[in-house]
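Single-letter residue listing:
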Amino acid sequence: MPSVAARLAFLSAVTLLAAPTPGLAEVSELRMTPVVRAVEAAAPSVVNIQGQKTVPAAGATAGNNASREVSGMGTGVVIDPRGYILTNHHVVAGVRQINVTFADRRHYIAKVVAHDARTDLAVIKVNAGQDLPTIDFGTSSDLMTGESVIAIGNAYGYEHTVTRGIISQLHRDVQVSDTQSYDDLIQTDASINPGNSGGPLLSIEGKMIGVNVAVRAGAQGIGFAIPVDAALGITAQLLSIERMENTWHGMETAAYSTDGDGLVVRRVANGGPAAACGLRPGDVVRSINHSKTSRPLDVELALLGAGLGKSIPVEVIRDDEPVEINLSLAARGRRVQVASTAPTDSADRHDERAWDLLGMDLETVPRGEFEKFSTRYRGGMRVVDVRETGPAEKQGIRAGDILVGMHEWETASEQDLRYITTRANLASRGPVKFYILRDGETLFGHIACGESARRR
């Protein structure tokens, strides 16, 4: 007959087998806090980075080249399903073999594809043979001191460590060494340790709002992160198709402020592919190559690998109407024949529209001359003549002033001005804010556009 101990052991085994498997049982809503949900959403796109590098040994001098091997560690975030990963430059600098591990234990070897030591950002790439989960980007433009944040990273080699805290302060400038400084950082008291560098600082919604970058030596509860908007702006430059593939698209975009959906085209390069396919300043680009666009990085990622001469679909909103355009990339610097989008008598009609709607004649200020003004604007149009009692004169604009902007648009060229004056609703939208340069100062006002008197 089995002993009491044997029977107890048997009952214990039965109990264990009958117990629900962790992860399969329904989890209480009380336990599924916003932090848990945020981590669950972001963790699959966070990677741990490890590798060996050679550094000078302690006490090494100019005549003594002694060195030693150290294990580097850090964190990264997947920003594109094809395997592009954003991290800090110092995490991968000098590493011979970059080992990347995902939360599900998948392991890959990565290579550096772009880096910038000054901003301490780098992009590495793995070839996974399948689409990878990507981080969900937030914005750093509306962060609040005191709001909750979460950090995920390879802290001291402990993979996918999660810490939480608040934003302690914004716009911190930090000098971490004689050769490295950072501007405009987010300060947080979420525990950021060696190994967290390159990992995401998350909002309570699970969106990436910063790239963890540094800790204050000897201090507790003081860590820093690069704001995500700045980091992704640099990343767009690092992954530009001009740099990566020696091709170009010829457009400059900025986030569309009205609803956050799409990118407004700020400039179109003369002789560039964007101009050739009919894109105009002021167009709102909603998608490229069937990928949604909400920041300049999206443009570069959508066109990366597209190749020369292929027709790439671009979805645009123009005058509140959808427009389908097909873009073809060209070799960098190669000018493309531009399709005319203006009436055949464009020069005369352009002059007439500016005179009728704005009450002034304008001419483009040569770039070399404009650069002498030392202004943040990148170009302008000089007022040649002002119509008596017209909209411009009523606002005090006079000959010699340089028009540099209207509403959200730049006025750096005839192309810019043509786009503004041909908008169907310009005359009916009410006063439009304008900016002019005069005697080294920037002045502004509101001009009521409308057709009245003809050219005298």
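Caption draft 1: Layout of the sheet that holds strand E12 (residues 223-227). Read around the barrel, 6 strands follow the order E7-E8-E9-E12-E11-E10 and close on themselves; strand pairing throughout is antiparallel. The average undirected angle you get between the axes of adjacent strands in this sheet is 50°. For strand E7 (residues 148-155) and strand E8 (residues 158-175), the ladder comprises 7 bridges, and the chain directions are antiparallel. Bridge pairing in E8 places Gly153 opposite Thr161. Here helix H2 (residues 34-42) sits on the sheet and contacts E7, E8 and strand E10 (200-203); the angle it forms with E7, its principal contact strand, is near 45°. Against the sheet, helix H4 (residues 228-238) makes contact with strand E11 (208-215) and E12, and its axis sits at roughly 55° relative to E12, the strand it touches most.

Caption draft 2: Fine view of the pairing of strand E26 (residues 441-447). Where strand E25 (residues 432-438) and E26 come together, 7 bridges link them in antiparallel fashion. Across the sheet, Ile436 pairs through a bridge with Leu443, a residue of E26. Counted between consecutive antiparallel strands, the loop separating E25 from E26 contains 2 residues, among which Asp439 sits at a positive phi close to 55°.

Caption draft 3: Quick look at the side chain of Thr253. Turning to its location among the elements, Thr253 is positioned in strand E14 (residues 251-255). With residues near it in sequence (within four places) discarded, Thr253 still touches Leu263, Val264, Val265, Arg266, Pro296 and Val299.

Caption draft 4: Representation of the nonpolar core in the model. Core analysis: the largest hydrophobic core is formed by 59 residues, its most contacted members being Ile79, Leu86, Met208, Leu239, Leu279, Ile288 and Leu303. Of all the elements, H4 adds the most residues to this core, at 6 residues. Ranked by size, the runner-up nonpolar core spans 21 residues in total, among them Met360, Met406, Trp409 and Cys449.

Caption draft 5: Seen up close, the packing of aromatic side chains. Throughout the structure, instances matching the rule amount to 2 aromatic pairs. A ring pair is formed by Phe102 and Tyr108, whose centres lie 5.8 Å apart and whose planes are at 90°; its orientation type is edge-to-face. The class for Tyr108 is buried, based on a relative accessible area of 13%. Ring centres of Tyr435 and Phe444 lie 6.4 Å apart, and the angle between their planes is 45°; on these two criteria the pair is classed as tilted. Sitting above the plane of the Tyr84 ring, Lys125 keeps its charged end 5.3 Å from the centroid. When the ring centre of Phe444 is taken as reference, the NZ or CZ atom of Lys433 above it lies at 4.5 Å.

Caption draft 6: Main features of the pairing of strand E4 (residues 98-101). Burial along E4 is two-sided: Ile98 and Val100 and Asn99 and Thr101, pointing in opposite directions, are all buried. As judged from the 4 bridges shared by E4 and strand E5 (residues 107-116), these two strands associate in the antiparallel manner. Of the residues in E5, the one forming a bridge with Val100 is Tyr108. Linkage of E4 to E5, two consecutive antiparallel strands, is achieved through a turn of 5 residues, within which Arg105 is found at a positive phi near 80°.

Caption draft 7: The arrangement of the side chain of Thr101 in detail. As for its position among the elements, Thr101 is in strand E4. Judged by its relative accessible area of 10%, Thr101 is buried. Ignoring sequence-local partners within four residues, the contact set of Thr101 consists of Val46, Val47, Asn48, Arg106, His107, Glu159 and His160.

The rules behind the values
Residues numbered from 1 in each chain as written. Predicted model: local features only at pLDDT ≥ 70, side-chain atom pairs only at ≥ 80, totals over all residues. Heavy atoms only, no water. Pairing = 2+ DSSP bridges. Helix = DSSP H or I, 4+ residues; strand = E, 2+ residues; numbered from the N terminus. Axes fitted to C-alpha atoms, helices over the stretch in contact; angles between N-to-C directions. Contact = heavy atoms within 4.5 Å. Core = buried A, V, L, I, M, F, W, Y, C linked by side-chain atoms within 4.5 Å. Buried < 20%, exposed > 50% of the residue type's maximum accessible area, 1.4 Å probe, protein only. Phe/Tyr/Trp six-rings, centres within 6.5 Å; stacked < 30°, edge-to-face > 60°. Lys NZ or Arg CZ within 6 Å of the ring centre and 35° of its normal.

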